[in-house]
Each structure stands twice: as C-alpha cells, then as structure tokens.
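Coordinate analysis (summary)
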Amino acid sequence: MNCLSPSILASDFSKLGSQVELLDRAGAQYVHIDIMDGMFVPSISMGFPVMKSIRPLTDRIFDVHLMIQEPERYINEFVDAGADLLTVHAEACTNLERTIQKIKEKGIIAGVAIKPSTPVEQIAGVLKEVDMVLVMMVNPGFGGQKLIPGTIDKVWELKQMINEMGLETDIEVDGGVTLDNVGKVMDAGANIVVAGSAIFHGDVEDNVRQFLSYMSE
Ligand code: DX5
Ligand code: ZN
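To start, this report covers the structure provided alongside it. Predicted, not measured: the structure shown is a model, and the values here were computed from it.

Side note on the pairing of strand E7 (residues 170-174)
- In terms of burial, E7 is a largely internal element, 4 of the 5 residues being buried.
- The β-α-β motif built from strand E6 (residues 132-136), the intervening helix H5 (residues 150-164) and the parallel element E7 has right-handed crossover chirality.
- Where E7 lies against strand E8 (residues 192-195), 2 bridges are found, and the strand directions are parallel. Residue pairing for E8: Glu172 is matched across the bridge by Ile192.
- Taken together, E7, helix H6 (residues 182-187) and E8 constitute a β-α-β crossover, and its handedness is right-handed.

Have a look at this one:
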C-alpha cells in the first residue's frame, strides 16, 4: 500500500497539535517524526515529551526516524512515547541485528535507514528481519534540502534486491521529495513517501490531498 508520511520537522511548532490534527483530517496515513541527537547529525530536534503530547491527537502511525547514535539505548522510551514504527540508521548501530531484534520484541514495526553514501548491500544481511527500509534522498540532519538524483538508482537497486529475495519489504523515501519528483521515486519502487517542506507551506491540507491523489494513481 502507498502511504504518505508528512514530516512534522517542517511544521510550525507553535501550533504543532493543530497541524497534526490537520494531517489526520486530510488523510495522511503516517506522521513522520525526526529525532536528532546532535551527534549522528549536527542538529537537535525533538524528543519524548513532544511525541507524548501529540500522541492522543491521532491514531495515525507514528513513523519515528531515529537519527541518533546507538539508538538501542532508547528503544523502550520511544515505544512508551507512542512509536508504531521505529527506524534506526545502519551507520549508527554497533550491532544492527540486535537493535532490530529489540524493536521487534517490543511488537512494533521495524525499519532500517541508509544515508545517501551507504550502499544498499550494507543492509542485505538484515533485509529479511525488517519491515521497511528508509532510503535517505538527502544527507540527514535538515529539512528543505534538494533530492540527490543518484539516490533514485539506489531505490531501484533495493527494490530489485527485495524482489530477488522474495520479500515484501516497504521502501520509504525521505528528503527532498516534492510533487514534481514523487512519481519518479515511486516508479523506482518506493511506497512510503516522507515530505516535509513540500507539505508545510501554504495550504497544508490541500498539499496532503495533492500528494495522496498523485500517489493513488
Ligand atoms: C532529514 C529528515 C527528513 C526531512 C524531510 O534529515 O530525515 O525527514 O525532515 O524534509 P524535506 O521533505 O523538507 O526534505
Ligand atoms: Zn526523516
């Protein structure tokens, strides 16, 4: 199934609650929550209290993208804060398999993410274990960047790998996705689309609807 996951990193934090409700009303299936620790990526974004405060506002899937070093340390806390899907970076884990196992033991959806410079082969060994692979289309750390064209080829490669292994792993694309390039990334094999700045400008509800109608074609 194709799903839209608006990134609240690009939202107006002074009215975060009503913006989350707006996403829900407009039909976005996921809410993408970017967690940054100032170590794995230069910036620091938000944490447990923010997640907990918006959790009662929607039943949509909380798609939590952990851009933090050694995420294994915080899995329990993120599940308690309301995560339905936890994605960890392959580059940030000392023992990726154990980290994924720990997420699955909590009974939620497990994802693995790769940066633009990380080859898809690096996650071949855990592909059978995860429900989703997040392919970064920009270098993680900030919203509003331009999609790096070469990353689309990686989505193709990954899709091929998934098919060859007889799996049905979801592919999420994150970073620089707009209405102009969403068709291309979906043709390459992505079925979960993160969009931040392309959603949170002008009429947010209308932007969500436009993405959704494009994605259902
Ligand atoms: C980047 C984040 C993305 C980002 C997406 O480090 O992981 O989720 O917020 O924002 P846009 O769509 O503006 O690139
Ligand atoms: Zn993200």
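Structural notes on the packing of helix H1 (residues 16-26) against helix H7 (residues 204-216)
- Where H1 contacts H7, the two axes come as close as 9 Å, and the packing angle between them is 35°. Note that H1 runs across H7; the crossing there is right-handed. Residues Leu22, Leu23, Arg25 and Ala26 of H1 pack against Val204, Glu205, Val208, Arg209 and Leu212 of H7.
- The residue makeup of the contact of H1 with H7, split by class, is 6 nonpolar, no polar and 3 charged.

Describing the site of ligand 1
- Near ligand 1, the surroundings consist of 20 residues, among which Asp34, Gly141, Asp174, Gly196 and Ser197 are the closest.
- Contact between ligand 1 and Ser7: an oxygen atom at 3.1 Å from a side-chain N or O atom of the residue.
- Here ligand 1 loses 99% of its free accessible area of 380 Å² to cover by the protein chains.
- More than half of the atoms belonging to ligand 1 lie within 2 Å of the grid points that define the largest pocket.
- For the shell around ligand 1, the element with the most residues is strand E2 (residues 30-36), which contributes 3 residues.
- Looking at the shell around ligand 1 residue by residue, the class counts come to 8 nonpolar, 10 polar and 2 charged.

Cut-offs used in this document
Residues numbered from 1 in each chain as written. Chains lettered and ligands numbered in written order. Predicted model: local features only at pLDDT ≥ 70, side-chain atom pairs only at ≥ 80, totals over all residues. Heavy atoms only, no water. Buried < 20%, exposed > 50% of the residue type's maximum accessible area, 1.4 Å probe, protein only. Helix = DSSP H or I, 4+ residues; strand = E, 2+ residues; numbered from the N terminus. Right-handed = clockwise from strand over helix to strand, strands pointing away. Pairing = 2+ DSSP bridges. Axes fitted to C-alpha atoms, helices over the stretch in contact; angles between N-to-C directions. Left-handed = near helix turned anticlockwise from the far one by under 90°. Contact = heavy atoms within 4.5 Å. Nonpolar A, V, L, I, M, F, W, Y, C, P; charged D, E, K, R; others polar. Near = heavy atom within 4 Å. Polar contact = N/O pair within 3.5 Å; in protein donor to acceptor, adjacent residues only side chain to side chain. Areas by Shrake-Rupley, 256 points an atom, 1.4 Å probe, with all protein chains shown as cover. 1 Å grid on protein atoms, 1.4 Å probe; cavity = no way out; pocket = protein on both sides within 12 Å on 5 of 7 lines; lining within 4 Å. Sits in = over half its atoms within 2 Å of the grid points.

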